Amino acid sequence: MLTRRRVLQGAAAAAGLVGLHTWRIEPHWLEVVHRTLPIRNLPGRLRGGSLVQLSDLHVGPRVDDDYILSTFRRVAALKPDIVVITGDFSSYHPAVFDQVSAIYRHVPKGRLATVAIPGNHDYGPAWNHPEIAQQIVDRITPFGVTVLRNQTQDVEGLQIVGLDDLWAGRFAPDDPLRALDSARASLVLTHNPDTVDLPGWSNYQGWILAGHTHGGQCKPPFLPPPLLPVRNRRYTAGEFALSGERRLYISRGVGHLLRVRFNVRPEVTVFELRPA
Ligand SMILES: [Fe+2]
């Protein structure tokens with residue numbers, strides 16, 4: 001006989017399983033997403049090459065070091081040509097600098113380049129500590145990562161622009177974007193997807209890779225995620241067509257703030273570089 005008590009017991013067990021999944025399983029259930037990245041004027045030597053995007057690793061007290069290190073090993077095994085990291089290297093706590101050194105010592109490097117930008121969490125409490133961001137950057141760069149802050153790096157003829165963080169008040173796209181050679185291949189990294197709706201993009205056409213949202217971390221089936229740290233709530237995760245021949249890709253990120261993910265698995269994105 002299906003008694004009321006049995007039904008309640010069943011419901012409690014199901015809720016417990018969902019809770020266990022949301023807390024213990026899905027935050028570390030990494031998905032390696034494969035996509036193509038068609039880029040105009042891509043140099044022949046980069047055609048068919050691979051670019052891996054890591055985002056929002058949030059090294060700190062709430063993300064297991066072992067999970068980050070195993071993610072690094074999975075990426076290194078792919079032998080990528082280029083690795084990009086789109087911000088939130090860390091979550092601030094007083095011992096974060098040594099933890100960042102210990103973990104990023106093992107960061108996977110691209111054969112040609114490893115390029116990164118800071119995110120709001122790298123700027124410490126209330127995102128307003130540039131001296132914390134500088135220390136984080138100083139801890140990462142010795143391991144072969146070039147951190148771009150409204151700067152451009154040329155990688156075998158591909159101009160990669162790395163923009164600094166919006167919420168930290170450091171987003172300044174005008175100079176690096178105006179200086180781009182539009183006859184050559186280019187790619188832009190920005191942490192916060194809301195930046196694409198701000199002025200300063202000049203005549204930029206092409207891809208913009210972002211992170212920041214974590215895909216909302218929890219998403220009811222068939223509905224948008226309720227918690228999303230962006231003004232434009234269209235920017236959840238995945239690919240978006242933008243004005244001015246621009247395209248945006250938002251990674252769901254590797255790490256998390258609170259250790260909960262539901263229906264929004266963490267992501268590493270592997271792009272195959274193709275001529276557009
Ligand atoms: Fe983040």
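Just so it is clear, the model here is predicted, and its values are computed rather than measured.

Asks: A description of unusual backbone geometry should follow, citing residues and the corresponding values.
Replies: Even without glycine at this site, Ser202 takes up a positive phi of about 55°. Considering the arrangement of structural elements, one finds Ser202 in the loop between strand S8 (186-189) and strand S9 (206-210). The class of Ser202 is partly exposed, set by a relative accessible area of 47%. With phi around 70°, Gln217 is a residue other than glycine that occupies positive phi space. Positionally, Gln217 belongs in the loop between S9 and strand S10 (238-242). A relative accessible area of 8% places Gln217 in the buried class.

Asks: Account for the pattern of salt bridges, naming residues and giving values.
Replies: Two side chains of opposite charge can pair, provided their charged atoms sit close to one another. By the definition in use, this model includes 13 salt bridges. Here Glu239 and Arg35 are joined by a salt bridge, their closest N and O atoms 2.2 Å apart. Pair noted here: Glu239 is in strand S10 and Arg35 is in strand S1 (residues 31-39), with a separation of 204 residues, a long-range link. Relative accessible area serves as the criterion here: at 34%, Glu239 is assigned to the partly exposed category. By relative accessible area, which is 24% here, Arg35 ends up partly exposed. We note a salt bridge from Glu239 to Arg247, for which the minimum N-O separation is 2.7 Å.

Asks: An account of the coordination of the iron ion is needed here, citing residue identities and associated values.
Replies: Protein-derived coordination of the iron ion comes from Asp56 (OD), His58 (NE2), Asp88 (OD) and His214 (NE2), at a distance range of 2.1 to 2.3 Å. Around the iron ion, the four donor atoms sit at angles spanning 87 to 175°, and that spread fits a shape best called irregular.

Asks: So, the sheet that holds S8: which residues are in play, and what are the values?
Replies: A sheet is described by the order of its strands in space; here six strands give the open sequence S6-S7-S8-S9-S11-S10, paired in mixed fashion. Edge strands, defined here as strands with exactly one partner in the open sheet, are strand S6 (151-155) and S10. Averaged over all pairs of adjacent strands, the angle between strand axes in this sheet comes to 20°, irrespective of strand direction. Where S9 lies against strand S11 (residues 246-250), five bridges are found, and the strand directions are parallel. Directly across from Gly206, in S11, lies its bridge partner Arg246.

Asks: Mind laying out the packing of aromatic side chains, listing which residues take part and the relevant values?
Replies: Enumeration according to the criterion identifies seven aromatic pairs in this entry. Between the aromatic rings of Phe89 and Tyr104, the centroid separation amounts to 6.1 Å while the plane-to-plane angle is 90°, which identifies the pairing as edge-to-face. You can see Phe89 sitting in the loop between strand S3 (82-86) and helix H3 (96-104) and its partner Tyr104 sitting in helix H3, a full 15 residues away along the chain. Residue class for Phe89 comes out buried when judged on its relative accessible area of 0%. The class of Tyr104 is buried, set by a relative accessible area of 0%. Plain terms: the ring middles of Trp201 and Tyr204 are 6.2 Å apart, the flat faces sit at 45° to each other, and that makes the pair tilted. The same class applies to Trp201 as to Tyr204, namely buried. A connected cluster of aromatic rings, assembled from ring pairs, spans Phe72, Phe89 and Tyr104. Over the ring of Trp29 we find Arg265, and its NZ or CZ is 3.8 Å from the ring centre.

Asks: Let's hear about the packing of H3 against helix H4 (residues 130-140): which residues, and what values?
Replies: Between H3 and H4, whose axes approach to 9 Å, the crossing angle comes to 25°. Viewed along their axes, H3 and H4 adopt a mutual orientation that is roughly parallel. You can see that H3 and H4 cross each other, and the crossing is right-handed. Counted together, Val96, Phe97, Asp98, Val100, Ser101 and Tyr104 of H3 and Ile132, Gln135, Ile136, Arg139 and Ile140 of H4 form the full contact between these two elements. The residue inventory of the contact of H3 with H4, partitioned by class, reads seven nonpolar, two polar and two charged.

Asks: Describe the side chain of His191, naming the residues involved and giving the relevant values.
Replies: Inspection of the secondary structure assignment puts His191 in the loop between S8 and S9. Given the relative accessible area of 1%, His191 is considered buried. Looking at His191, its side chain comes within polar contact range of the side chain of Asn120, at 3.1 Å. Apart from the residues within four sequence positions on either side, His191 is in contact with Asp56, Thr86, Gly87, Asp88, Ile117, Pro118, Gly119, Asn120, Asp165, Ala210, Gly211 and His212.

Conventions and cut-offs
- Residues numbered from 1 in each chain as written.
- Predicted model: local features only at pLDDT ≥ 70, side-chain atom pairs only at ≥ 80, totals over all residues.
- Heavy atoms only, no water.
- Helix = DSSP H or I, 4+ residues; strand = E, 2+ residues; numbered from the N terminus.
- Buried < 20%, exposed > 50% of the residue type's maximum accessible area, 1.4 Å probe, protein only.
- Salt bridge = Lys/Arg side-chain N within 4 Å of Asp/Glu carboxyl O.
- Donors = N, O, S within 2.8 Å, 3.2 Å for Na, K, Ca; no water.
- Tetrahedral: all angles 85-135°; square planar, octahedral: opposite > 155°, others 65-115°.
- Pairing = 2+ DSSP bridges.
- Axes fitted to C-alpha atoms, helices over the stretch in contact; angles between N-to-C directions.
- Phe/Tyr/Trp six-rings, centres within 6.5 Å; stacked < 30°, edge-to-face > 60°.
- Lys NZ or Arg CZ within 6 Å of the ring centre and 35° of its normal.
- Parallel < 35°, antiparallel > 145°, perpendicular 65-115°, else oblique.
- Left-handed = near helix turned anticlockwise from the far one by under 90°.
- Contact = heavy atoms within 4.5 Å.
- Nonpolar A, V, L, I, M, F, W, Y, C, P; charged D, E, K, R; others polar.
- Polar contact = N/O pair within 3.5 Å; in protein donor to acceptor, adjacent residues only side chain to side chain.

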